[in-house]
Amino acid sequence: MEKGIREMFTRRVQRARRYRALILAASTFVGAAAIQPAFAEVAPYDLVTPVAEYKIYVTESVQKLVTETRAFTEAVKAGNLDKAKALFAPTRTHYEAIEPIAELFSDLDASIDSRADDHEQAEKDPGFTGFHRIEYGLFEQKSTEGLTPYADKLMADVLELQKRIASLTFPPDKVVGGAAVLMEEVAATKISGEEDRYSHTDLWDFDANSAGSKKIFDLFRPLIEKDDKAFVSKVEANFAKVDKILDKYKTKDGFETYDKLTDADRKVLAGAVNTLAEDLSTLRGKLGLG
């Protein structure tokens, strides 16, 4: 059992390194060196307000995650298949939007958001829990049978995440770097449709990732705009391009399922996301944090 757990975490870390180089470890303090300007004339106190506002955003998002996860898991436990399936995608968006912070807690991230291929026995592995284990039951097996333990664990993990975030001092470099991390993750792995492989609700995730990234950019934009208006305009245009592409697939209930997109459609989306991610990867340097 212990060997299986170790192997699960090893595979998850190896995959995460491809797109999460900026997220290193959980932290409850910020050293002075972490906020000293290196490439930009940004004083440490200039970072206080945007970081504080981002923590408010994350805190509000986690509260929504808690509320909607409770409704989702209650539907699962009540055996209401249709309701549970309808709540799956919108509930997850609140997690997807704040992944740069949620992923600081690697144990909870593995429990809440791991995929089947992170585990030795895939879907049959007892360590496969969280949103995607429930997704497998709802959309692949088309049943709520046997999902109550997973629903209870998911709810407990989300509440624990809320508790940990409440006491976390947000490291400025991780916050700023998170804007790029969110889009890099889409470009590196999610664009293939690997995450929501049973429900094909990937576009909900992409939209939430983009919104979370844009929130970070908007909060720090005033610190960059005074010296580099051209860069700000470029990034805004790239965000608008991604949004325009996603808007094509919106429906009255959310988004089209991802399996309806052709390879050509996915390449167009991937190109826009990659361009945006490349620009956002320079944010830390522009603020003297990288």
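Predicted, not measured: the structure shown is a model, and the values here were computed from it.

A. Summary view of the overall build of the chain. Per the secondary structure count, the chain includes 12 helices and 2 strands. For the chain, the proportion of its 290 residues judged to be buried stands at 52%. Once local pairs closer than 6 in sequence are excluded, the contacts in the chain between residues at least 24 apart make up 79%. Carbon together with sulfur atoms contributes 52% to the accessible area of the chain, which is approximately 13100 Å² in total.

B. Structural view of the packing of helix α8 (residues 172-188) against helix α11 (residues 263-280). At a closest axis distance of 8 Å, the pairing of α8 and α11 adopts a crossing angle of 150°. Of the possible angle classes, the one that applies to α8 and α11 is roughly antiparallel. Like other packed secondary-structure pairs, α8 and α11 cross with a definite hand, here left-handed. Mapping the contact onto sequence places Ala 179, Ala 180, Met 183, Glu 184, Val 186 and Ala 187 in α8 and Val 273, Asn 274, Leu 276, Ala 277 and Leu 280 in α11. Considered class by class, the residues forming the contact of α8 with α11 number 9 nonpolar, 1 polar and 1 charged.

C. Examining the confidence of the model for the chain more closely. Taken over all residues, the pLDDT of the chain has a mean of 88, while the share at 70 or more is 86%. Contacts of residues 1-6 to residues separated by more than four positions or lying in other chains number 1 contact, the stretch itself having pLDDT below 50. In the predicted structure, residues 12-40 sits below a pLDDT of 50 and forms 62 contacts with residues beyond four places in sequence or in another chain.

D. Focus on α11. The terminal C-alpha atoms of α11, which comprises 18 residues, lie 25 Å apart, in line with the 26 Å expected from a rise of 1.5 Å per residue. What α11 keeps buried is the set Arg 266, Leu 269, Ala 270, Ala 272, Val 273, Leu 276, Ala 277, Asp 279 and Leu 280. Those residues of α11 that are buried are in contact with α8, α9 (202-225), α10 (229-247) and α12 (283-286).

E. Main features of the pattern of salt bridges. Considering all chains together, one arrives at 27 salt bridges under this definition. The closest approach of N and O atoms between Asp 152 and Lys 77, which form a salt bridge, is 2.8 Å. Here the residue Asp 152 occupies a position in helix α7 (residues 148-166), and Lys 77 occupies one in helix α2 (residues 48-77), the gap between them amounting to 75 residues. Residue Lys 77 is classed as partly exposed on the basis of its relative accessible area, which comes to 43%. For Arg 197, the salt bridge is made with Asp 117, and the minimal N-O distance between the two is 3.0 Å. Remark: Asp 117 occurs in the loop between α5 (106-113) and α6 (131-140) and Arg 197 occurs in the loop between α8 and α9; sequence separation between them is 80 residues.

Calculation criteria
Residues numbered from 1 in each chain as written. Predicted model: local features only at pLDDT ≥ 70, side-chain atom pairs only at ≥ 80, totals over all residues. Heavy atoms only, no water. Helix = DSSP H or I, 4+ residues; strand = E, 2+ residues; numbered from the N terminus. Buried < 20%, exposed > 50% of the residue type's maximum accessible area, 1.4 Å probe, protein only. Contact = heavy atoms within 4.5 Å. Areas by Shrake-Rupley, 256 points an atom, 1.4 Å probe, with all protein chains shown as cover. Axes fitted to C-alpha atoms, helices over the stretch in contact; angles between N-to-C directions. Parallel < 35°, antiparallel > 145°, perpendicular 65-115°, else oblique. Left-handed = near helix turned anticlockwise from the far one by under 90°. Nonpolar A, V, L, I, M, F, W, Y, C, P; charged D, E, K, R; others polar. pLDDT = per-residue confidence, 0-100. Expected span 1.5 Å × (residues − 1). Salt bridge = Lys/Arg side-chain N within 4 Å of Asp/Glu carboxyl O.

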